[in-house]
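Here is how the chains run, residue by residue.
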Amino acid sequence: MISRHQAKRRASEHLQVEGSTFTVSRATRDHRFGVWIIGYRDPALPDEMLDGGGLVVTDAGDVHDLGSAPGALGDLMLTLGRSPTAGLSGAYAREGESLALPADMDRDEAEGLAAW
């Protein structure tokens, strides 16, 4: 798993490559998808919230733009071929949809149920 510091560094590099003047402000781990969600700000207006999304940094270090619409993270993850049930050691394939809801809420809970 990539660390918070590494994710923020990758996001900052991405902003620089894109020619943006924004700076990274915070990083939050989304355990459902196993990615970092990175917020950014305009350094000229540090107290002002930006309208829009953020960045998503995967454990592989890939950076993707995240929209601000409801469900944007889920839509992005679907586009990337990731789902909350991915990586459940084949449990979802064995158990079908019965693990989908627990996996959406808590991957560890779904893995525990599959092991049980």
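How each quantity is defined
- Residues numbered from 1 in each chain as written.
- Predicted model: local features only at pLDDT ≥ 70, side-chain atom pairs only at ≥ 80, totals over all residues.
- Heavy atoms only, no water.
- Salt bridge = Lys/Arg side-chain N within 4 Å of Asp/Glu carboxyl O.
- Helix = DSSP H or I, 4+ residues; strand = E, 2+ residues; numbered from the N terminus.
- Buried < 20%, exposed > 50% of the residue type's maximum accessible area, 1.4 Å probe, protein only.
- Phe/Tyr/Trp six-rings, centres within 6.5 Å; stacked < 30°, edge-to-face > 60°.

Caption draft 1: Seen up close, the pattern of salt bridges. Tallied over the entire structure, the rule returns 3 salt bridges. One salt bridge in this structure joins Glu13 and Arg10, with 2.8 Å as the shortest N-O distance. In this pair, Glu13 and Arg10 both sit in helix H1 (residues 4-17), 3 residues apart, roughly one turn of the helix. Given the relative accessible area of 29%, Arg10 is considered partly exposed. With a closest N to O distance of 2.9 Å, Asp59 and Arg29 form a salt bridge. Of this pair, Asp59 sits in the loop between strand E3 (54-57) and strand E4 (63-66) while Arg29 is found in strand E1 (residues 23-30), placing the two residues 30 residues apart along the sequence. What emerges from the salt-bridge pattern is a single network uniting Arg9, Arg10 and Glu13.

Caption draft 2: Here's a closer look at the packing of aromatic side chains. Evaluated as defined, the whole model comprises 1 aromatic pair. Where Phe22 meets Tyr40, the ring centres are 5.3 Å apart and the plane angle is 20°; that geometry is what we call stacked. Of this pair, Phe22 sits in the loop between H1 and E1 while Tyr40 sits in strand E2 (residues 35-41); the two residues are 18 residues apart in sequence, bridging distant segments of the chain. Look at Tyr40 and you get partly exposed, because its relative accessible area is 21%.

The analysis is restricted to geometry; functional conclusions fall outside its scope.
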